[in-house]
Each structure stands twice: as structure tokens, then as C-alpha cells.
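Here's the letter readout for the chains.
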Amino acid sequence: MMLPFSIVVSVSYRCNSKCQTCDVWRKPNDDMSVEEWDKVFANIGRGPLYFTFTGGEPFLRSDTVEMALSAYRHCRPAVITIPTNGILTKRIINQVDRLCAGAPKANIGINLSLDEIGTRHDEIRMVPGNWQKAMQTWAELKALQKKHQNLILTTHTVISNFNIDRFFEIYAGLEFLEPDSYITEIAEERVELDTVGWHITPLAEKYGPVADFLSRKARQRRVKGFAKITQAFRAEYYQLAKRTLYEHRQVIPCYAGWASCQIAPNGDVWSCCIRAEEVGNLRQTNYNLRPIWRSTAMAQLRRSIYLGECDCPMANAAYANMVLHPPTLAKVVASTVTSTIVSP
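Quantities reported herein were computed from a predicted structural model and do not represent experimental measurements.

Draft legend 1. Inspection of the layout of surface pockets at higher detail. In this structure, the second largest pocket encloses a volume near 390 Å³. In this structure, the second largest pocket is lined by 14 residues; those nearest its centre are Thr201, Leu245, His248, Asp311 and Pro313. A per-class count over the lining of the second largest pocket returns eight nonpolar, three polar and three charged.

Encoded structure:
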């Protein structure tokens, strides 16, 4: 049985933000070491195309880049993505510089999380001065991009009940940053983030116009190379997310637990972070994902997902699902080809 081609690695629950849409920073920590992660990636070997190293705040660990470089050496992914709140400017720049140099054949995506403008952003993130520090980090990342052609810079907004009424102002207010790509994700009630019952997810009626706007902007955005492909996927993703909120069902089949998975900081293996149901722990299998991937517990979880017993607009799994859904993939390909033809 093939292992997933998209893997999300939670490096730690530790975070220096205390967001109104996330409570992960309160969770206890039992983080695997770099040496343990190296064994995990060595056992996985070649195959995964996409790695995301997330948190918490990934760069709170001084060795996050060592983990990502280990994954690159053993697995040779095409894409490595790391989201960040941008607070630890010096550490972020140093680690991103080393990662880009050490993984020259991978696209390195750094996603700066910005949920509002100025002090409003600080209020949502519950950290005074977050916006100013994020702006400094962004400026230094843009300078670093001149050195590394494989560095892709993205701005990222979590759309929640705290900011959806101002979303169009937020979008306009972030345009001056000129990112390679702009992405959004819906705030969700996740087991992983301890946000179940928080009522942070916007109503479908409010999100619908936002999704249509984002799809239109993604199709119109003039970008090159890998960013052109990701923008085409995002244009379709926003429509899938909108339909999921309206219809409360899997709009296209979900292959979490097949095509994608998430690994918690302590080595617990999940199909995704929404359900965050442990099906095994890597420390108990000598850091080998395969026994867990082939286990009865994983088979039962896949069955539950196949039967549609859950639905969500979670982006990481959605992109993998889109690749495996021929009608959606055909739309993405057609959009990419069309934008290539009309671009000057």
C-alpha cells in the first residue's frame, strides 16, 4: 500500500500567539526530537510530494529547518511549506535561508499569517506588536527571495467570525505586500486546536460572496511558474469550501487517510487535524509509518470517511482530494492552460 503523497507534520503545539481562533498553545507538549523525525523520514523514503511543517508556531523550535532538511534528504518532496506568525524575525530568516540553500530542488513556501490590518491583527492574535514584527519579517523575506529562486512567499488569512465582515477591506489592505500568492482558510472547530464549540466558523451566507470574490481574483492574478498552478487550485478550492458550508457534506470524495495525513508532535498519526483521531504512534512502531498505515484502525477510519461521516473545508486535505478527483482536476488544468495563453 502506497504511503500518502501529502504529509502535514506538527512540529510542536507551542506558540507565541494566543489567537481568538485557536487554543493549541495551551496543550501539553511531548515533541519528538530531530533524531526521531529523521528516523521517520528515513523509513518513509521517496514518495511524498508535499510536506507541511506546522505548529503552533513552527519557528519556536530552533531545529525546524533540520527537520525539513531531513525530510528533503530522505523523501525528496517537490514542495515544503511552513506557515508562520512572523514574530521571530531573525530566527525565521536564518532558518528559511538555510532551508532554501539545503533543498535547492524543492519549492519552499513560507506562508505569513495575517488575519487583519495593523492593531486589529494584534487584537485577533492577542499579541501586541505582532503586525509590526510580521512586516519586518516580510520585508526581510522579500530581500531573501532575491537570493533564492525556490522561495515562494505567500500571505495567509484565517477567515472567521472575527474578521469576515471586514474581509474585503482586509484583502485590499494586504495588497501592498505583493505576495507570490494569497491564500485564505476558514476557521474551523478542530479537535487538534481545542476549538470545538467555539462558533468561530462564518455562516455560509457570509462566506459565499467572499469565496466567489477569491475565486475570481485567483483566476485573474498574473503569476508565473509554480504559483500559477497553486492559484488555479485555490480558485477551485474556494468554491468547494463554499459548497461544503452550504451543503454540509463532502462535495467531492475525501481521501484523508489515503492521499494525505497529519502527524502530531508526539508521533500520533491522524487522517487529518479536524478529527485528530489517533490510529497509532510512531514511537511504538520504531518510527515506521507503514504498520500504522496498514492497520485495522486506519482502515476503519478510512471507512468512516468514505461513508461521509465527516465533512469540512480544510485546505490541506482538500488540495490532495482535488488532485484525485478527475472533474475538479480537469477544471484546474483548463484554468492553468487558459491563463498561460492569455498572459502577456
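Draft legend 2. Expanded view of the pattern of salt bridges. One pass over the full model with this rule turns up 19 salt bridges. Glu236 serves as the salt-bridge partner of Arg219, at 3.3 Å between the closest nitrogen and oxygen. One end of the pair, Arg219, is in helix H7 (residues 204-220); the other, Glu236, is in helix H8 (residues 226-247), and 17 residues separate them in sequence. Residues participating in the shared-partner salt-bridge network are Glu185, Glu188, Arg190 and Glu192.

Draft legend 3. A look at the sheet that holds strand S6 (residues 181-186). Across the sheet, which stays open at both edges, the eight strands sit in the order S6-S5-S4-S3-S2-S1-S7-S8 with mixed pairing between neighbours. Each end of this open sheet is capped by a strand with a single partner; those strands are S6 and strand S8 (269-270). Pairing of strand S7 (residues 260-263) with S8 involves two bridges; the strand directions are antiparallel. Each bridged residue has a counterpart across the sheet, and for Gln262 the counterpart in S8 is Trp270.

Draft legend 4. The environment of Gly45, seen in detail. Within the element layout of this structure, Gly45 appears in the loop between helix H1 (34-44) and strand S2 (50-54). Residue Gly45 is classed as buried on the basis of its relative accessible area, which comes to 15%. Note: C-alpha distance between Gly45 and Arg76 (31 residues apart in sequence) is 8.2 Å. Among all residues touching Gly45, those that are not within four sequence positions of it are His74 and Cys75.

Draft legend 5. View of the packing of helix H3 (residues 89-102) against helix H5 (residues 130-145). As a packed pair, H3 and H5 sit with axes 9 Å apart at the nearest point and diverge in direction by 25°. Taken together, the axes of H3 and H5 are roughly parallel relative to one another. Here H3 runs over H5; the crossing is right-handed. Of the residues in H5, those in contact with Thr89, Ile92, Ile93, Val96 and Asp97 of H3 are Lys133, Gln136, Thr137, Glu140, Leu141 and Leu144. When its residues are assigned to classes, the contact of H3 with H5 shows five nonpolar, three polar and three charged.

Cut-offs used in this document
Residues numbered from 1 in each chain as written. Predicted model: local features only at pLDDT ≥ 70, side-chain atom pairs only at ≥ 80, totals over all residues. Heavy atoms only, no water. 1 Å grid on protein atoms, 1.4 Å probe; cavity = no way out; pocket = protein on both sides within 12 Å on 5 of 7 lines; lining within 4 Å. Points joined across faces, edges and corners; volume = space filled by probe spheres on them. Nonpolar A, V, L, I, M, F, W, Y, C, P; charged D, E, K, R; others polar. Salt bridge = Lys/Arg side-chain N within 4 Å of Asp/Glu carboxyl O. Helix = DSSP H or I, 4+ residues; strand = E, 2+ residues; numbered from the N terminus. Pairing = 2+ DSSP bridges. Buried < 20%, exposed > 50% of the residue type's maximum accessible area, 1.4 Å probe, protein only. Contact = heavy atoms within 4.5 Å. Axes fitted to C-alpha atoms, helices over the stretch in contact; angles between N-to-C directions. Parallel < 35°, antiparallel > 145°, perpendicular 65-115°, else oblique. Left-handed = near helix turned anticlockwise from the far one by under 90°.

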